[in-house]
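Summary of the model geometry
Here is how the chains run, residue by residue.
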Amino acid sequence: MNPDPSPLRFETRCVHTGVDQDAAFGSCITPIYQTSTFRWETLAGGPKGPDYTRSGNPTRTALETNLAALEGGIDCRATATGMAATSVVMHLFQPGDHIVSGTEVYGGTYRVFTKVFANLGLEFSFVDMRDLDAVRRAITPRTKCLWLETPSNPLLNLTDLAAAATLARDAGAISVCDNTFMSPYFQRPFEHGVDIVVHSTTKYLNGHSDVCSGAVITRHPEHAEKIGYLVNAIGLACSPFDAWLVLRGVKTLGPRMEAHQRGAMAVARMLEKHAVVERVYYPGLPSHPHHELATRQMTGFGGMLSFDIKGGRDKAERVLNRTKLFAIAVSLGGVESLIEYPAMMSHASMPPAARLAAGIGDGTIRVSVGIEHPDDLIADLRQALEG
Ligand SMILES: *Cc1c(COP(=O)(O)O)cnc(C)c1O
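These figures come from a predicted structure and were not determined experimentally. The residue numbering used here restarts from 1 in each chain and proceeds along that chain's sequence as written. The predicted origin of the model limits local features to residues at a pLDDT of at least 70 and limits the giving and counting of side-chain atom pairs to 80 or more, whereas totals for whole chains, interfaces and linings rest on all residues. For side-chain calculations, the full set of non-hydrogen atoms in the structure is used, while hydrogens and water are omitted.

Brief notes about the packing of helix H10 (residues 253-273) against helix H14 (residues 374-386)
For the pair H10 and H14, interaxial distance at closest approach is 9 Å and the crossing angle is 35°. Judged by the sense of rotation from one axis to the other, the crossing of H10 with H14 is right-handed. Residues Arg262, Gly263, Ala266, Val267, Met270 and Leu271 of H10 pack against Pro374, Leu377, Ile378, Leu381, Arg382 and Leu385 of H14. Looking at side-chain class alone, the contact of H10 with H14 contains nine nonpolar, one polar and two charged residues. Comment: axis = line fitted to C-alpha atoms, over the contacting stretch for helices; angle = value between 0 and 180 degrees taken between N-to-C directions. In this description a helix means any DSSP run of H or I spanning at least four residues, a strand means any run of E spanning at least two, and both kinds are numbered starting from the N terminus. Each crossing gets its hand from how the near helix is turned against the far one by less than a right angle, where anticlockwise is left-handed and clockwise is right-handed. When checking whether two residues touch, look at their non-hydrogen atoms; a contact exists if any pair is within 4.5 Å. Three categories are distinguished: nonpolar for Ala, Val, Leu, Ile, Met, Phe, Trp, Tyr, Cys and Pro, charged for Asp, Glu, Lys and Arg, and polar for the others, with Gly belonging to the last.

Some remarks on the packing of aromatic side chains
Only rings of Phe, Tyr and Trp enter the pairing, Trp through its six-membered ring, and a pair is recorded when the two centres are within 6.5 Å. The plane angle decides the type: under 30 degrees is stacked, over 60 is edge-to-face, the rest tilted. According to the stated counting rule, one finds seven aromatic pairs in the structure shown. Each ring, one from phenylalanine 124 and one from phenylalanine 126, has its centre 6.4 Å from the other, and the planes form 20°; the classification is stacked. With a 1.4 Å probe rolled over the protein chains alone, any residue whose accessible area is under 20% of its type maximum counts as buried; one over 50% counts as exposed, and the rest are partly exposed. Residue classification places phenylalanine 124 among the buried positions, given a relative accessible area of 17%. Aromatic rings pair up to connect Tyr110, Phe113, Phe124, Phe126 and Trp147 into one cluster.

Quick word on the sheet that holds strand S9 (residues 304-309)
DSSP-based pairing: two strands are paired if at least 2 bridges between them are found. The strand order S8-S9-S12-S11-S10 describes an open sheet built from five strands, whose pairing is mixed. Across the chains shown, the open sheet's two edge strands, defined by having one partner strand only, are strand S8 (277-281) and strand S10 (327-328). Two elements, S8 and S9, share four bridges in a ladder whose sense is antiparallel. The residue bridging arginine 279 from the neighbouring strand is aspartate 308, located in S9. Its contacts with the sheet place helix H12 (residues 312-322) against S9, S10, strand S11 (338-340) and strand S12 (364-368), and it is angled at close to 130° to S9.

Section: the site of the ligand
If a single non-hydrogen atom of a residue is within 4 Å of a molecule or strand, that residue counts as near it. For the ligand, the set of nearby residues contains 13 residues, the closest of which are Met83, Asp178, Ser200, Thr202 and Lys203. Serine 200 is positioned such that a nitrogen or oxygen atom in its side chain is 2.8 Å from an oxygen atom of the ligand. Grid points spaced at 1 Å over the protein atoms alone were grouped into cavities, where a 1.4 Å probe fits but cannot get out, and pockets, open sets with protein on both sides within 12 Å along at least five of seven lines, with lining residues defined by an atom within 4 Å of a point. Put plainly, a molecule is in a cavity or pocket when over half of its atoms are within 2 Å of the grid points there. Assessed atom by atom at 2 Å from the grid points, the ligand resides in the largest pocket. Class assignment for the residues of the shell around the ligand results in four nonpolar, six polar and three charged. Nitrogen and oxygen atoms within 3.5 Å of one another constitute a polar contact, given that in protein one can donate a hydrogen and the other can accept it, and given that sequence-neighbouring residues count only through two side-chain atoms.

Quick look at the nonpolar core
In terms of nonpolar packing, the biggest core is built from 66 residues, with Leu67, Leu253, Leu271, Tyr282, Leu305, Phe307 and Ile365 touching the most fellow members. Looking at this core element by element, the count peaks at eight residues for H10. Domain borders in the structure are assigned automatically or taken from a domain database. Each of domain 1 (10-250) and domain 2 (254-385) contributes no fewer than three residues to this core. The contact partners of isoleucine 365, leaving out residues within four places of it in the chain, are Leu305, Ser306, Phe307, Ile309, Ala316, Val319, Leu320, Ile339, Glu340 and Pro342. Among the nonpolar cores identified, the runner-up in size contains 33 residues, and Val89, Val105, Ile227 and Ala358 belong to it. Here the nonpolar core consists of buried residues drawn from Ala, Val, Leu, Ile, Met, Phe, Trp, Tyr and Cys, with membership extended through side-chain atoms lying within 4.5 Å.

A look at the side chain of threonine 201
Residue placement: threonine 201 occurs in the loop between strand S6 (196-200) and strand S7 (214-218). Overall, threonine 201 belongs to the buried group, its relative accessible area being 0%. Apart from the residues lying within four places of it in its own chain, the contact partners of threonine 201 are Leu67, Asn206, Ser213, Gly214, Ala215 and Val246.

Some remarks on the domain arrangement of the protein chain
Per the domain assignment, the segments of the protein chain are domain 1 (10-250) and domain 2 (254-385). The partner domain 2 presents 42 residues to the 39 residues of domain 1 that form the contact. Between domain 1 and domain 2, the buried area comes to about 3200 Å², and carbon and sulfur atoms account for 61% of it. Here the quantity called buried area is the accessible surface, traced with a 1.4 Å probe, that two parts lose on coming together, added over both. Of all residues in domain 1, the largest losses of buried area upon contact with domain 2 belong to Leu155, Phe186 and Tyr204, amounting jointly to 25% of the total for that side. Whenever a carboxyl oxygen of Asp or Glu lies within 4 Å of a side-chain nitrogen of Lys or Arg, that contact is scored as a salt bridge. Put simply, domain 1 and domain 2 have zero salt bridges between them. Listing elements by their share of the side of domain 1 that touches domain 2, those giving two or more residues are helix H4 (107-117), helix H6 (161-170), helix H7 (183-186) and helix H9 (240-250). Residue classes in the side of domain 1 that touches domain 2 are distributed as 16 nonpolar, 16 polar and seven charged.

As C-alpha cells, then:
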C-alpha cells in the first residue's frame, strides 16, 4: 500500500479514498465481498487478488486504504476489535521486553497488559504520562515501547506526543498512540513523530454504535510487514461486513466530529457553572490544565468529557438514572449520547487502588456527547442534575 499522494483534503479522502474500486459493475459503494475463499482460474494463474479472507479481502482493503490515508501512514490492518489491534502490537515484543504505559489507559488495555501479556513475559510500568520526568525515570535499557493514550480515559488528560515520541526514540524504543478518542480528524499522531497508531474503530471512526472493530496504522515498512504478518498468522482481521460498516461510517467522520464537539463544548460550559458539579474535565475549556497543549497538538477537542459531582456515588447514581437522552452504557463515539459511571462500568476491570491513583473518584461521571442538538442535551442533563 502506498502513501496517499493526493492533495485532497481530509473530508474528501474520508468519502473517496479506497472506494470506487468496482471494475465489474461500477458500483458507487464498495461491495461486501462476503466470501471466505477466492477461485483460481488456473493453478498456474493463481487467484486474482487475495486467496482467503483471513489474509485479505477487497472490502477490508478498501477500509485499510482509507484509514491509512486519514492518519497519514503507509499501511493499515483492520482488526476484529480495538483490543485485537492493541494485542497485535504487543506481539511485536519478546519476553523480557519492557513497556511504559500511562496509568490512565482504557480499562481493557490495562487488563490485557497486566493479565495476559505480563504472563507471556512482557514487563509493564504504569506512570503518570503528564509527568515526562516520571516517564524518563521509568525507561530502562530493556524498554521497547511507550504506550500513549491521549486524551486519556476517562479524565481527558493529555500527553505531549512530540515530547514522548522523542523520549522513546532516544531510548531506542517505539511509541504507539491509541488515537480512539480524537480520531484522525482532530489528532494525527504521526505528525508528532509517533511510530504506530491504534484505534478502536468501534468508536468515532464507525460512529454509529453498530460494530466492534479496530485498526493498526503504521508508517515504517518493517512495522507494516510485521503487523500484516501477525494479523494473518494469529487471525485478528475484521470481517468483510464489519469493514463495510466502518467504511460507511468514516465517510461522515468530519461533520460528525464537528457536531460532537459543538455539543461537548456546550455541555462542558453548562456543567462548569453548575452548583452540584465539582470539576469538569474537557480539554476545550480554558480551565483544563492542558488546554494550551490541546490547542497545539489537536485540531479540536472532541466529544468526550467527564465531571465530578458533589455527593459521590449516591448522587452520581441519581443523575445517571434520571437522564432520558443519555443512555447508561459503556462505549463512546456514536451519534447518540451516552453516560456512564467509570468505577462500576468502563473502569471496573481496574483495581480500586489503581483507579483512585489515576484520579477516578466516586463522583466521576463520563459522558460521550452525541450529535443531538446541544440545547436538548443541556436541558436533559440539567433536569438530571437538579432532580
Ligand atoms: C473501546 C476502546 C478500546 C478497545 O476497543 P474494542 O473495540 O472495545 O476492543 C481501546 N482503547 C480505547 C481508548 C477505547 O475507547
